[in-house]
Amino acid sequence: LPATCPDPYVSVIALELEGEPEIDPTLTDRNGFLSLTGVSAKRLSADGEPSFKLAKSGIVEGWNRKEDYLSWEFVLTGAGDYQVSLHTFTEKDPEQHPDMSWEGGHEFVISCAEQEIAFTVTDDKRTHPRDLFLWEDVETRCGMLHIEKPGKYTLSLTPKKIEYQKGLGPKVKGVELQVIGKGE
């Protein structure tokens with residue numbers, strides 16, 4: 001690289017490679033935070049094809065069977081205690097659902113690093129994503145994971161009971177991990 005920038009405001013660097021680049025698509029935390037989205041999840045079922053789908057919005061919806069589950073592979077760069085949160089969405093049609101309908105009460109288990117967190121989906125906090133103004137993001141604080149050492153991990157989100165009284169079921173945006181205490 002040159003010792004000084006060719007332009008003080010906009011400098012462009014071109015990278016030329018021989019052959020095809022090797023890209024590692026593994027999700028990795030950034031400063032102790034990791035967002036595992038529905039888009040990046042493997043959608044699986046214990047008995048064949050999963051019945052739920054990924055909507056254009058990136059939300060997993062139509063989840064009405066306990067046999068279906070989500071799984072992610074990722075790398076954590078640090079040991080420590082991680083707060084785990086599930087993010088679901090309200091119904092998107094304000095004319096049909098002016099109250100931003102949402103269905104909680106689902107029971108899930110998060111499995112990761114030989115630990116299980118059993119929790120019920122609750123409305124702990126709501127926010128409006130800036131790019132999806134018709135929805136509200138509903139956060140459920142699930143519990144804590146203790147990660148002994150940096151490395152590659154798999155996290156699974158498996159339902160034990162799905163509420164479907166409003167016909168909505170869980171609309172899953174994803175799972176977030178936030179380090180709150182650094183390990184040794």
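Residues numbered from 1 in each chain as written. Predicted model: local features only at pLDDT ≥ 70, side-chain atom pairs only at ≥ 80, totals over all residues. Heavy atoms only, no water.

Draft legend 1. Focus on the overall build of the protein chain. Counting its regular elements, the protein chain contains 0 helices and 13 strands. Ordered by position in the sequence, the α and β elements of the protein chain form the string β-β-β-β-β-β-β-β-β-β-β-β-β. Projected onto its principal axes, the C-alpha coordinates of the protein chain cover approximately 65 × 45 × 35 Å. Every one of the 184 residues in the protein chain was classed for burial, and the buried ones make up 40%. Partitioning the intrachain contacts of the protein chain with sequence separation of at least 6 by distance along the chain shows that 72% fall at a separation of at least 24. On the protein chain, roughly 11,400 Å² of surface is accessible, and the fraction owed to carbon and sulfur atoms is 50%. (Helix = DSSP H or I, 4+ residues; strand = E, 2+ residues; numbered from the N terminus. Buried < 20%, exposed > 50% of the residue type's maximum accessible area, 1.4 Å probe, protein only. Contact = heavy atoms within 4.5 Å. Areas by Shrake-Rupley, 256 points an atom, 1.4 Å probe, with all protein chains shown as cover.)

Draft legend 2. Local environment of the pairing of strand E8 (residues 107-112). Pairing between E8 and strand E9 (residues 115-120): 6 bridges, direction antiparallel. Bridge pairing in E9 places Glu-107 opposite Thr-120. The turn joining E8 and E9, which pair antiparallel and follow one another in sequence, is formed by 2 residues; a positive phi near 50° is taken by Ala-113. As judged from the 6 bridges shared by E8 and strand E12 (residues 151-161), these two strands associate in the antiparallel manner. Within the sheet, the bridge partner assigned to Val-109 lies in E12 and is Thr-158. (Pairing = 2+ DSSP bridges.)

Draft legend 3. Looking closely at the pairing of E12. With 7 bridges connecting them, strand E6 (residues 68-76) and E12 associate as antiparallel partners. Each bridged residue has a counterpart across the sheet, and for Leu-76 the counterpart in E12 is Gly-151.

Draft legend 4. Spatial organisation of unusual backbone geometry. Phi angles above zero are rare outside glycine, and Ala-113 is one such case at about 50°. Position of Ala-113 relative to the elements: it lies in the loop between E8 and E9. On the basis of relative accessibility, which here comes to 26%, the residue Ala-113 falls in the partly exposed class. Even without being glycine, Glu-114 reaches a positive phi, approximately 60°. Position of Glu-114 among the secondary structure elements: in the loop between E8 and E9. Classification of Glu-114 as exposed rests on a relative accessible area of 89%.

Draft legend 5. Spotlight on the nonpolar core. Counting 32 residues, the largest nonpolar core has Leu-155, Leu-157, Val-175 and Leu-177 as its most contacted members. Counting only elements with at least two residues in this core, the list comes to strand E2 (33-37), E6, strand E7 (80-89), E8, E9, strand E11 (137-147), E12 and strand E13 (172-182). Those residues within four positions of Leu-177 in sequence are excluded, and the remaining contacts are Gly-32, Phe-33, Leu-34, Leu-36, Leu-76, Tyr-82, Gln-83, Val-84, Leu-145 and Leu-155. (Core = buried A, V, L, I, M, F, W, Y, C linked by side-chain atoms within 4.5 Å.)

Draft legend 6. Structural detail: the environment of Thr-37. Mapped onto the fold, Thr-37 is located in strand E2. Not counting residues up to four positions away in its chain, the partners in contact with Thr-37 are Trp-72, Lys-173 and Gly-174.

Draft legend 7. View of the environment of Ser-85. Within the fold, Ser-85 resides in strand E7. The sequence separation of Ser-85 and Ser-35 amounts to 50 residues, and the corresponding C-alpha distance is 9.6 Å. Ignoring sequence-local partners within four residues, the contact set of Ser-85 consists of Glu-139, Thr-140, Arg-141, Cys-142, Gly-174, Val-175 and Glu-176. A polar contact is formed between the side chain of Ser-85 and the side chain of Glu-139, at a distance of 3.1 Å. (Polar contact = N/O pair within 3.5 Å; in protein donor to acceptor, adjacent residues only side chain to side chain.)

Draft legend 8. Structural detail: the side chain of Asp-68. Within the secondary structure, Asp-68 sits in strand E6. Residue classification places Asp-68 among the buried positions, given a relative accessible area of 0%. Side chain to side chain, Asp-68 and Ser-45 meet in a polar contact 3.0 Å long. Those residues in contact with Asp-68 that lie beyond four places of it in its chain are Leu-44, Ser-45, Glu-49, Pro-50, Ser-51, Phe-52, Trp-63 and Pro-159.

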